[in-house]
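# A look at the structure
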Amino acid sequence: MIDMSKAKEPAKHEDITVVEFFGKKLHFLDIGREVSPEMPHYPGHMKTNLFWHLTHEECVMRLGDTPFEGYAVKGIVTCDHVSTHVDAVYHFNKYRPDLTVDKISLKDLITPAAWIDVSHVKPLTHITLADVKEALEKAKVTLKPGMTLLYYTGIDKKWNDPLTYVSQYPGLDREATEWILDQGIVNIGTDASSLDTPADKTYPNHTVHAERMVIHTENVANITKIPRHDNFYVAMFPLKFVGATGSPVRMFAIWE
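Residues numbered from 1 in each chain as written. Predicted model: local features only at pLDDT ≥ 70, side-chain atom pairs only at ≥ 80, totals over all residues. Heavy atoms only, no water.

## So, the confidence of the model for the protein chain
This prediction gives the protein chain a mean pLDDT of 95; 95% of its residues lie at or above 70. Predicted confidence for residues 8-13 stays below pLDDT 50, and this span has two contacts to residues more than four positions away or in other chains. (pLDDT = per-residue confidence, 0-100. Contact = heavy atoms within 4.5 Å.)

Next up, the structure:
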C-alpha cells in the first residue's frame, strides 16, 4: 500500500500568484476572506459551523474489507452573508425576489476596478461625498461606468478582534452613495462588514442600493496590497444558491 502520509505537500497559499492566462502573465491577488467558525459574523447573522459528517475511519468501517483508506465529508451550517460576500438586490429590496444571488450577471462580477483610501474617517461616522472625492483625487482615479469601486476603512486590521471588527467602522452616507452610483459604478466593495455605519440604523447605503438595484460587497481583504489604484480588474464568484439574498465569494484583483 502507498504511504499517503508521504504524498507531495500542496503548494502553500500566497496572496499574489502569477498565472499565464490567454498568453498573458497576470497577477492574481486574493482579496477574499476565509470561511471558518472563528471569523467575525455580522450581529444577528447565523454563525458558521463546520463539522465531521463522515471521517476517513468511519468510511472504512462502512466499506468493510478494502485497501482503500476511505474518504471524508464535512457538513457546513452558515448563512448567505458571511466572510467576503456579495449582497444581491433581493437582500435589501423585498420587492425584487427575481434578483437573487443566482441571477447576478457576470458583467457585474468581473469588471474594471479602482480603490480608494478613506481610513481617516472616524468609526461610527459617515463617509461623505467630500471624503470620497478627496480620496479619488488623491488616488488620481476617475470613475467610469461599469467599474467596481473598493474603499478601504482600515477596519480590516481588526479581523482577529471580532467584536471590534463588526462594530467600529464608518459607512457611506446617502449623498456619497448616490453620487458613486451616478458615475455608473456596478458594485461597491469595502473591507468593513457593512457599507453602512453601525451608528445609523436607517441604512442609507443599503437603501440607495435598493432603489438603484445595484449589488455591493462586504468584508473585502487585502485592498491596500493592490499595487495600483486603477487599471486592474476584480473578479468574484458567488455560489449559485437558488433564491438566496447573497453568497460568500472567492474574490481576486487582477492586473498585468
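## Observations concerning the environment of Gly64
Mapped onto the fold, Gly64 is located in the loop between α1 (56-63) and β4 (73-77). Taking C-alpha positions, Gly64 is 51 Å from Tyr233, a pair spaced 169 residues apart along the chain. (Helix = DSSP H or I, 4+ residues; strand = E, 2+ residues; numbered from the N terminus.)

## So, the pattern of salt bridges
Throughout the structure, instances matching the rule amount to seven salt bridges. As a salt-bridge pair, Lys225 and Asp15 come within 2.7 Å of each other at their nearest N and O atoms. Of this pair, Lys225 sits in the loop between β11 (215-218) and β12 (232-238) while Asp15 sits in the segment before β1 (16-21), placing them 210 residues apart in sequence. In this structure, Glu211 and Arg174 form a salt bridge, with 2.9 Å as the shortest nitrogen-oxygen distance. Of this pair, Glu211 sits in helix α7 (residues 204-212) while Arg174 is found in helix α6 (residues 174-182), placing the two residues 37 residues apart along the sequence. Each of Arg174, Glu178 and Glu211 takes part in one network of salt bridges that share partners. (Salt bridge = Lys/Arg side-chain N within 4 Å of Asp/Glu carboxyl O.)

## Points about the packing of aromatic side chains
What the rule picks out here adds up to four aromatic pairs. The interplanar angle of 75 degrees and the centroid separation of 6.0 Å between the aromatic rings of Phe28 and Phe252 together place this pair among those described as edge-to-face. With Phe28 in strand β2 (residues 24-30) and Phe252 in strand β13 (residues 246-255), this residue pair connects regions lying 224 residues apart in the sequence. Grouping residues by exposure puts Phe28 and Phe252 together as buried. Considering the side-chain rings of Phe68 and Tyr71, the 6.5 Å spacing of their centres and the 40 degrees angle between planes classify their relative orientation as tilted. Since its relative accessible area comes to 44%, Phe68 is described here as partly exposed. (Phe/Tyr/Trp six-rings, centres within 6.5 Å; stacked < 30°, edge-to-face > 60°. Buried < 20%, exposed > 50% of the residue type's maximum accessible area, 1.4 Å probe, protein only.)

## Brief notes about the nonpolar core
Counting residues in each nonpolar core, the largest one holds 26 residues, and the members touching the most others are Ile31, Leu150 and Phe232. No other element matches the four residues that β13 contributes to this core. The residues touching Leu150, leaving out its near neighbours within four places in the chain, are Ile31, Ala114, Trp115, Ile116, Gly189, Ile223, Ile226, Val234 and Met251. Among the nonpolar cores identified, the runner-up in size contains 24 residues, and Val121, Leu172, Ala176 and Ile185 belong to it. (Core = buried A, V, L, I, M, F, W, Y, C linked by side-chain atoms within 4.5 Å.)

## Comments concerning the environment of Gly246
In this fold, Gly246 is placed in strand β13. Residues Gly246 and Val101 lie 145 residues apart in sequence; the distance between their C-alpha atoms is 5.2 Å. The contact partners of Gly246, leaving out residues within four places of it in the chain, are Asp80, His81, Val86, Ala88, Val101 and Phe241.

## Observations concerning α7
Inspection of α7 places Pro204, Asn205, His206, Val208, His209 and Ala210 among the buried residues, and these make up the whole buried set. Count one or two residues on from α7 and you reach Met213, which has phi positive near 60 degrees.

## A short note on the domain arrangement of the protein chain
When its domains are assigned, the protein chain resolves into domain 1 (46-79) and domain 2 (85-255). For domain 1 and domain 2, the distance between their C-alpha centres works out to 36 Å. (Domains from an automatic or database assignment.)

## What about empty space enclosed by the protein?
One pass over the structure, following the stated rule, counts one cavity of 30 Å³ or more. Lining the largest cavity are Pro40, His41, Tyr42, His81, Val82, Ser83, Tyr165, Val166, Ser193 and Asn219. Taken together, the residues of the lining of the largest cavity sort by class into five nonpolar, five polar and no charged. (1 Å grid on protein atoms, 1.4 Å probe; cavity = no way out; pocket = protein on both sides within 12 Å on 5 of 7 lines; lining within 4 Å. Points joined across faces, edges and corners; volume = space filled by probe spheres on them. Nonpolar A, V, L, I, M, F, W, Y, C, P; charged D, E, K, R; others polar.)

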